Structure formats: structure tokens, C-alpha cells
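Listed below are the residues making up each chain.
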Amino acid sequence: MKYTTRQKAILLLSDGTIFYGKSIGIEGTVFGEVCFNTGMTGYQEIFTDPSYFGQIMVATNAHIGNYGVNDVDIEADKIMISGLVCKNFSFNHSRTNSTSLEEYFQQQNLVCISDVDTRALVSYIRDNGAMNAVISTDGKSVDELRGLLKSAPDMKGLELASKVSTTEPYYIGEESATYRIAALDLGIKKNILRNLAKRDCYIKVFPFDTSYEEMKAFNPHGFFLSNGPGDPEPLLVAQEAAKKMLQHNDPVFGICLGHQILALANGIPTYKMFNGHRGINHPVKNILTGEGEITSQNHGFAVKKSDLENNPDFEITHLHINDETVAGMRMKNKNAFSVQYHPEASPGPHDSSYLFDQFIENIKQGHTSTR
């Protein structure tokens, strides 16, 4: 195997902490909120998940790129993370019918720093919280990077759905399907659309700022509020659309950012988490059944539990076992429910795929049970 000579690179956190590593060969300087994902596999799905837009991803798995990439394992048409931090970057891959991760990054000009002590970095982030950071592989000085990093926007209050949403409506599935779904694209993953389509749904995907009236003109049987990046609070048009869905008692299903939009539409606040949840093995308890689920999660904001508990129109359906944060909710008097995690997985387990079936049942039967 040919030895690859690489240049020195730097990761600078906003509190001044520095981690050193090596460039994989793509020169540049990128900014974003640093976060980590604990998944042992599924890196291509993670890199292309629109919910990660504006974030520098730290991979906790020791090896990244070892099985290559292909056109199947994508959640969007391009890489969404701002940059990658990893321990060992594999320039060679083992899986057939795939190309190298290095070539994939070169095509999309993604800056990556490897040979970083990611165990120490993740431990530091866990103790000190998510924060802005900069990766530089082009020789900029620490003082220069400090100055540039000061102007990077904080994730709190940052609207990012407009950066990843479709600009024009499009369709998924067969027009002859039994159910018509209006999906509000706040950063929707491809596998969500696949899960709906295989349940006999014809989906029209709308831009993030589409009004309720425009979506209703599609004559949908139900509405879907998608996942996506950034703070949910600035998404006022989406919140207003959700309010009108509820006023008309339309069937509504929300995932991740869509879950937060449903809460905000009812006056229930959200907040930025200290670290967030990002991984494919997060334990969730289904309060309605008493059963546990292993879930895929990716979010830095959450619904405020105390306000939800005090709202007579809502019932908490799922809790994150590790920290008791809200993982799912439903409305008692409306045909609406949502979860904070990702039942479509990709990557991750499929314990929660029943939620898509429940959405279809809600459409057919007109009730809100998530059992």
C-alpha cells in the first residue's frame, strides 16, 4: 500500500482549545458547530443527512472510509456536513461496487482532518458542550483562525431549513397510490420518502416556506413535517402552517425538527441542548406500551418537557431513557403525533418503523393512538 504524505491541520474550538491532526489532501478552512456521532457504521448516510447542515462532524468510530461510498447510501444529493474530524481515514476501501471516500470528498471539496485524538475530543465536548469550531488545512495561523471564528454564527436562533429545502415542489411514489401526503421539506431525508412511498403513498414535497393553503390544494390525506437543521424557532411560516393543519384536524406526523415545529405551533417552547443526541443506538421507552426501542437520533434542540406535561392537549408517548428528554408526543384532541428521533433509520435500527404504519392508520381511522 502506497504511503500518503499529508500536511498538518488544526481544529480550533471557540473556547480556544486546539486539537492537531493531518489533512487528507483537501485544502481549506471551514466553520460550524462541532458535534459527534456515536454510530459504528453508516457514515455516508450521516454525511448526507440535511439535519447536519452547518455542523462539523466528529466520528467516534476509529475507522472512517474503510468500506467506501456508493450511490445507494445517501440521504441527500450532496454532502451536508461542513467538515469532518476523524481518527483514522481510510484511503482504501473493501466493499465492491463502491468508490473511495477520498474521491467522494474531493468531488464535493469537503475538508477533513484526521489523526486527531477523537476520544479526547469527544470527552471534551461532552464536558463542555457543543460549540462553534473551525477546521483549517491550508496553513492559517491560530491567531488568524481565532479572529475568523468570532464571526461564525451561533446555532441558537439560526434558521437553516432554507439552505437545504427544495426550491420547487416535486413528487415521490405512484400517482395511483391510495394515500396522498403533503410533506413540508425542512431538510427531509430520502429514506423518509421511501418509507412513505412503500406504504402506498403518493407524496408531494413542498419547500420549507409553503403555506398551508398551497399544500391543502394538493388534497392530501395527511401532512408530514420533516426533519432538518438549525433552530426551529425562526421557522414561523412552518409553525403557522402546522397551526392550520390542527385547526382543520388534518392527520399530521412530525419527525425531529417537525416534532419541534408541532410543539411550537401549540405554544410549547423548545431549547438548545448541551450536547444533543447523535447516534444509532439511543434507547427510548414507549410510554404507551412499556416497550423499549433502540433508535437513530440526530438533534441539538428538544421540546421542553415541563411545558409539555402541563399542556392538557398533549400526552408524552416516548422518553429518551438516558436523560428523560421528550422523544415523542401526541395530541389528545387532534389527529397529530410526532417523535424526536428517526424511525426511518438510515443508518440505524428499524425498531420504530411502525410509526409510519401508525400514520397510515391515523389517516384511515381518524384517531391519534401511537400504540
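Look a little higher up for the structure.
Residues numbered from 1 in each chain as written. Predicted model: local features only at pLDDT ≥ 70, side-chain atom pairs only at ≥ 80, totals over all residues. Heavy atoms only, no water.

Draft legend 1. Spatial organisation of the packing of helix α8 (residues 236-247) against helix α9 (residues 257-264). Relative orientation of the contacting elements α8 and α9 amounts to 70°, with a least axis distance of 8 Å. Here α8 is positioned roughly perpendicular relative to α9, judged by the angle of their axes. Crossing handedness for the pair α8 and α9: right-handed. Counting all contacts with α8, which are made through Ala238, Gln239, Ala242 and Leu246, the residues of α9 involved are Ile261, Leu262 and Leu264. (Axes fitted to C-alpha atoms, helices over the stretch in contact; angles between N-to-C directions. Helix = DSSP H or I, 4+ residues; strand = E, 2+ residues; numbered from the N terminus. Parallel < 35°, antiparallel > 145°, perpendicular 65-115°, else oblique. Left-handed = near helix turned anticlockwise from the far one by under 90°. Contact = heavy atoms within 4.5 Å.)

Draft legend 2. Seen up close, the sheet that holds strand β4 (residues 55-59). Here seven strands make up a closed barrel; going around it, the order is β1-β2-β8-β6-β4-β3-β9 and the pairing mixed. On average, each strand axis in the sheet is inclined to that of its neighbour by 35°, with strand direction left out of account. (Pairing = 2+ DSSP bridges.)

Draft legend 3. Region of the structure containing unusual backbone geometry. The omega torsion of the bond from Ser346 to Pro347 falls at 5°, within 30 degrees of zero and hence cis. Positionally, Pro347 belongs in the loop between β19 (336-339) and α11 (354-365). One non-glycine residue, Asp115, lies in the positive phi region at around 60°. Relative to the assigned elements, Asp115 resides in the loop between β8 (111-114) and α3 (118-128). Residues other than glycine seldom take positive phi values, yet Asp200 does so here, at roughly 65°. Mapping Asp200 onto the fold places it in the loop between α6 (190-197) and β12 (201-206). With a relative accessible area of 34%, Asp200 lands in the partly exposed category. (Buried < 20%, exposed > 50% of the residue type's maximum accessible area, 1.4 Å probe, protein only.)

Draft legend 4. How the structure looks around the environment of Met329. If you trace the backbone, Met329 turns up in strand β18 (residues 326-331). When its relative accessible area of 0% is taken as the criterion, Met329 is described as buried. Sequence-distant contacts of Met329, that is, excluding residues within four places in its chain, are made with His259, Leu262, Ala263, Leu308, Phe314, Glu315, Ile316, Thr317, Phe337 and Ser338.

Draft legend 5. View of the sheet that holds β19. The strand order β10-β12-β11-β13-β14-β19-β18-β17-β15-β16 describes an open sheet built from 10 strands, whose pairing is mixed. Each edge of the sheet is formed by a strand with only one pairing partner; in this case those strands are β10 (170-172) and β16 (292-303). Geometrically, the sheet is characterised by an average inter-axis angle of 25° between neighbouring strands, direction not taken into account. The pairing of strand β17 (residues 314-320) with β18 spans five bridges and is antiparallel. Paired with Glu315 across the strands is Arg330, a residue of β18.

Draft legend 6. Examining the pairing of strand β15 (residues 270-286) more closely. Where β15 lies against β16, 10 bridges are found, and the strand directions are antiparallel. Paired with Val284 across the two strands is Glu293, which belongs to β16. Where β15 folds back on β16, the antiparallel hairpin that results is connected by five residues, among which Gly290 adopts a positive phi of roughly 80°. Note that β15 and β17 share three bridges and pair antiparallel. Counterpart to Asn286 in the pairing with β17 is His318.

Draft legend 7. Highlighting the nonpolar core. Core analysis: the largest hydrophobic core is formed by 43 residues, its most contacted members being Leu11, Phe47, Leu84, Val85, Leu101, Phe105 and Leu121. Of all hydrophobic cores here, the second largest spans 35 residues; its members include Tyr212, Leu246, Val303 and Ala336. (Core = buried A, V, L, I, M, F, W, Y, C linked by side-chain atoms within 4.5 Å.)

Draft legend 8. Focus on the pattern of salt bridges. In this structure the tally under the stated criterion is 17 salt bridges. Among the ionic pairs, Arg95 bridges to Asp73, the shortest N-O distance being 3.2 Å. Of this pair, Arg95 sits in the loop between β7 (88-89) and α2 (101-108) while Asp73 sits in the loop between β5 (63-64) and β6 (83-85); the two residues are 22 residues apart in sequence, bridging distant segments of the chain. With its nearest N and O atoms 2.6 Å apart, the salt bridge here joins Arg199 to Asp357. Within this pair, whereas Arg199 is found in the loop between α6 and β12, its partner Asp357 is found in helix α11, the two being separated by 158 residues in sequence. Owing to a relative accessible area of 15%, Arg199 belongs among the buried residues under this scheme. Given the relative accessible area of 38%, Asp357 is considered partly exposed. (Salt bridge = Lys/Arg side-chain N within 4 Å of Asp/Glu carboxyl O.)

Draft legend 9. Representation of the environment of Glu159. Within the secondary structure layout, Glu159 lies in the loop between α4 (142-149) and α5 (161-164). The class of Glu159 is partly exposed, set by a relative accessible area of 24%. Between the C-alpha atom of Glu159 and that of Tyr20, which follows or precedes it by 139 residues, the distance is 31 Å. In this structure the side chain of Glu159 is engaged in a polar contact, spanning 2.8 Å, whose partner is the backbone nitrogen of Ala161. Here the side chain of Glu159 touches Ser162 through a polar contact of 2.7 Å, landing on its backbone nitrogen. (Polar contact = N/O pair within 3.5 Å; in protein donor to acceptor, adjacent residues only side chain to side chain.)

Draft legend 10. A look at the environment of Ile125. With respect to the helices, strands and loops of the structure, Ile125 is situated in helix α3. Expressed as a C-alpha distance, the spacing of Ile125 and Phe274, which sit 149 residues apart in the sequence, is 9.4 Å. In this structure, Ile125 is in contact with Val34, Phe36, Val58, Ala130 and Asn275, ignoring residues within four places of it in sequence.

Draft legend 11. Inspection of the state of the cysteines at higher detail. The full count for this structure, using the stated rule, is zero disulfides. Here Cys35 stays unpaired: no disulfide links it, and the sulfur of Cys256, its closest cysteine neighbor, is 12 Å away. With relative accessibility at 2%, the residue Cys35 sits in the buried group. Not engaged in a disulfide, the cysteine Cys86 finds its nearest cysteine sulfur in Cys112; these two sulfurs lie 4.0 Å apart. Note on Cys86: relative accessible area 0%, which makes it buried. (Disulfide = S-S within 2.5 Å.)

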